[in-house]
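# Structure assessment
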Amino acid sequence: MLLFGKGESFVAKDIEDIESSLPAHIKLAYLPNYGELRLRLTGISDDENSLKTTMNQLFETIANRLKDNLVATEDISLATSFFKIFKNENKTISTAESCTGGEVASLITSIPGASQIYKGSIVAYSNSVKENILKVTENDLIEFGAVSEAVVKTMAENVRQQMQTDYSIAISGILGPDGGSAEKPLGTVWMAFAGDKKTITQKFQFHWDRTTNKELAAKSALFFLL
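Quick caveat, the model's predicted, so the values are computed rather than measured.

### Quick word on the layout of surface pockets
- Roughly 280 Å³ of volume is contained in the largest pocket.
- As for the largest pocket, its lining consists of 15 residues, of which Gly-5, Lys-6, Gly-7, Tyr-34 and Gly-35 are closest to the centre.
- Of all the elements in the fold, those that place two or more residues in the lining of the largest pocket are helix H1 (8-14), strand E2 (26-33), strand E3 (36-43) and helix H9 (210-225).
- Of the residues in the lining of the largest pocket, the class split is seven nonpolar, five polar and three charged.
- For the second largest pocket, the lining is made up of 13 residues, of which Cys-99, Tyr-125, Gly-173, Ile-174 and Leu-175 are closest to its centre.
- Split into classes, the residues belonging to the lining of the second largest pocket amount to five nonpolar, five polar and three charged.

### Topic: the nonpolar core
- Grouped together as the largest cluster of nonpolar side chains are 34 residues, with contacts concentrated most on Ile-93, Ile-108, Ile-169, Met-191 and Leu-222.
- Elements with a contribution of two residues or more to this core: strand E1 (2-4), strand E4 (70-72), helix H4 (78-89), helix H5 (103-109), strand E7 (167-173), strand E8 (188-194) and H9.
- The element that contributes the greatest number of residues to this core is H9, accounting for six residues.

### Topic: the sheet that holds E7
- Strands sit in the order E6-E5-E7-E8-E9 across an open sheet of five strands; the sheet is mixed. The open sheet has two edge strands, strand E6 (118-123) and strand E9 (199-205), and neither has a second partner. Within this sheet the neighbouring strands show an average axis-to-axis angle of 15 degrees, counted without direction.
- Taken together, the five bridges between strand E5 (residues 93-97) and E7 define a ladder with parallel strand orientation. Its bridge partner being in E7, Thr-95 is matched across the sheet by Ile-169.

### A word on the sheet that holds E4
- Pairing within the open sheet is antiparallel, and its four strands lie in the order E2-E3-E1-E4. The open sheet is flanked by E2 and E4, the only strands paired with a single partner. Neighbouring strand axes in the sheet, compared pairwise and without regard to direction, differ in orientation by 30 degrees on average.
- In the packing of H9 onto the sheet, the strands contacted are E1, E2, E3 and E4, and the crossing angle to E1 comes to about 110 degrees.

Calculation notes
Residues numbered from 1 in each chain as written. Predicted model: local features only at pLDDT ≥ 70, side-chain atom pairs only at ≥ 80, totals over all residues. Heavy atoms only, no water. 1 Å grid on protein atoms, 1.4 Å probe; cavity = no way out; pocket = protein on both sides within 12 Å on 5 of 7 lines; lining within 4 Å. Points joined across faces, edges and corners; volume = space filled by probe spheres on them. Helix = DSSP H or I, 4+ residues; strand = E, 2+ residues; numbered from the N terminus. Nonpolar A, V, L, I, M, F, W, Y, C, P; charged D, E, K, R; others polar. Core = buried A, V, L, I, M, F, W, Y, C linked by side-chain atoms within 4.5 Å. Buried < 20%, exposed > 50% of the residue type's maximum accessible area, 1.4 Å probe, protein only. Pairing = 2+ DSSP bridges. Axes fitted to C-alpha atoms, helices over the stretch in contact; angles between N-to-C directions. Contact = heavy atoms within 4.5 Å.

Remember, this is a structural readout, not a statement about activity or role.
Structure below.
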């Protein structure tokens, strides 16, 4: 199974009782990777049917315990899970990216057939593009700054309208190594997620280097929208 947004040590604590009661012939492996964590159960037994039944029961118990961070019960990527859900629901997505510079678009379009759900992106790296293309007001940029709830909300709603999609994601942040302040430290990222009924905003704080922050921000955007 694939989890997102919870580290290995925290997950291990959450399922400590389950793991400690595993039969000797069944092992649980943790496979972490920048925000993502794969859990894999393996077992050895001469009784194949009994082993499958036990493994399925354990898998279901673990998945239910970790449901808030569960992306997929299959061994697939976050982007693949995102694509499958949007395709099955017949929904479309567009993106407006500033600090991530198209990383969210890259994740989505890494999946074959992404054009079935993905319409396009506006990479609004400069404030002039935010203003002229995404209709962010100069007043909001002056009063709140480019990295703010007000700005990403406007970005998300307008890119969704322009691309005519069911949902949209907008991101603006400070990924480092420079540009942080006491009010907005390095790693501060604002995101907005717009649909036909409402727009939700969320502030994230990442604590790594620029490249890792960028990757985590893009993956977090997909997970949060899901």
